[in-house]
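An overview of the molecular structure
Residues per chain are reported as follows:
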Amino acid sequence: MRRVVFNQKGGVGKSSIACNLAAVSAAAGYKTLVIDLDPQANSSHYLMGERLADVPLSIADFFSETLSASLFSRKAESYVSETPFENLWLMSASPELAELQHKLESRYKIQKLRKLLKELKGSYERIYIDTAPAFNFYTISALIAADRCLIPFDCDAFSRQALYGLLRELEDIREEHNEDLQVEGIVVNQFQPRATLPQQMIDELVAEGLPVLPVHLASSVRMRESHQVNTPLIFLDGRHKLTQQFIALHDHLEGRDSDQ
């Protein structure tokens, strides 16, 4: 399973969702890999903290080497690093990704990530891909390489309008590049159950037939605390309400996968 977490709107919790679902997957016993394609490297910092400075190779090194005329190529595992958490590995990002993007686009390297993930297929049972909040080269590469897409959504009016355009763009990717790509669902994040407008908006999206997932992730200061200590919630506070919501969302997605 290769799952990309994407929304072109920033601040909707992509990195938090990708890393925490991956951490729940790892805690459940699945050998799990997170691939960070965002030059800001939020997922990489979240999972590694100060250890990130010691990572020898990143996903940027992989893309840089695809531009080289040399016939030398490393094994895919060379770009993977262990995290401090059992069963959880990382292919880290770096700011160099932004510098490489134009060269990669001009050389049409859009299929390289897909080939890399095929090489890793037998090594990891679950792969989660975090992306920048932009429909750019790396995001398209991820959508071509993945078989699932989760869309974080924060119940904002601007997010709603952007959501319709995003779904059209995903359909174009599916038709033109990756017919196996499935929009797995819309993840409602930073949900406030006592507020009227968020629930009203969710009800309207469901009535429109959009794939809103039944598990909603609450807004909680505990998430910011987990960022601060570079520890996903399942390893920081397994009994917390938000942790339990991530577990429920993970189990829901796993249950749907087993039914297909």
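First, a word on what this report is: a plain description of the structure on this page. (Residues numbered from 1 in each chain as written. Predicted model: local features only at pLDDT ≥ 70, side-chain atom pairs only at ≥ 80, totals over all residues. Heavy atoms only, no water.)

Helix and strand content of the protein chain: eleven helices and seven strands. Taken over C-alpha atoms, the radius of gyration comes to 18 Å for the protein chain, in line with the 18 Å a tight globule of 260 residues would show. Structurally, the protein chain occupies a C-alpha span of about 60 × 40 × 35 Å along its principal axes. Put simply, the protein chain has 260 residues, and 53% of those count as buried. A sequence separation of at least 24 residues applies to 81% of the contacts in the protein chain between residues at least 6 apart. Total accessible area on the protein chain stands at roughly 12,000 Å², and carbon and sulfur atoms take up 48% of it. The positive charge centre, built from 27 side chains, and the negative charge centre, built from 35, are 2 Å apart in the protein chain. (Helix = DSSP H or I, 4+ residues; strand = E, 2+ residues; numbered from the N terminus. Rg over C-alpha atoms; globule rule 2.2 N^0.38 Å. Buried < 20%, exposed > 50% of the residue type's maximum accessible area, 1.4 Å probe, protein only. Contact = heavy atoms within 4.5 Å. Areas by Shrake-Rupley, 256 points an atom, 1.4 Å probe, with all protein chains shown as cover. Lys, Arg positive; Asp, Glu negative; His and termini not counted. Charge placed at Lys NZ, Arg CZ, Asp CG, Glu CD.)

Below, the discussion takes up the pattern of salt bridges. One pass over the structure, following the stated rule, counts 13 salt bridges. Linking E254 and R126 is a salt bridge whose minimum nitrogen-to-oxygen distance equals 2.8 Å. With E254 in helix α11 (residues 241-259) and R126 in strand β5 (residues 126-130), this residue pair connects regions lying 128 residues apart in the sequence. The exposure classification of E254 matches that of R126, with both residues buried. (Salt bridge = Lys/Arg side-chain N within 4 Å of Asp/Glu carboxyl O.)

With that settled, the discussion passes to the environment of D156. For D156, the location among the structural elements is in the loop between β6 (148-153) and α7 (157-176). Note on D156: relative accessible area 27%, which makes it partly exposed. Between the C-alpha atoms of D156 and P198, which are 42 residues apart in sequence, the distance is 7.8 Å. Beyond its immediate chain neighbours, meaning those up to four positions away, D156 contacts K9 and M201.

By size, the foremost hydrophobic cluster in this structure holds 54 residues, and its most contacted members are L33, L37, I59, F63, M91 and L113. Ranked by residue count, the leading element in this core is helix α6 (residues 137-145), at six residues. In this structure I59 touches D36, L37, M91, S92, A93, L97, L113 and L116, once residues within four positions along its chain are discounted. Membership of the second largest hydrophobic core comes to 30 residues, among which are A22, A26, L52 and Y128. (Core = buried A, V, L, I, M, F, W, Y, C linked by side-chain atoms within 4.5 Å.)

Take the packing of helix α5 (residues 112-120) against α6 next. Taken N-terminus to C-terminus, the directions of α5 and α6 make an angle of 45°; their axes are 8 Å apart at the nearest point. One way to sum up the angle between α5 and α6 is to call them oblique. When you trace α5 past α6, the crossing you get is right-handed. Of α6, the residues touching α5 (which contributes L113, R114 and L117) are S141, A142, I144 and A145. Along the lines of polarity and charge, the residues of the contact of α5 with α6 split into five nonpolar, one polar and one charged. (Axes fitted to C-alpha atoms, helices over the stretch in contact; angles between N-to-C directions. Parallel < 35°, antiparallel > 145°, perpendicular 65-115°, else oblique. Left-handed = near helix turned anticlockwise from the far one by under 90°. Nonpolar A, V, L, I, M, F, W, Y, C, P; charged D, E, K, R; others polar.)

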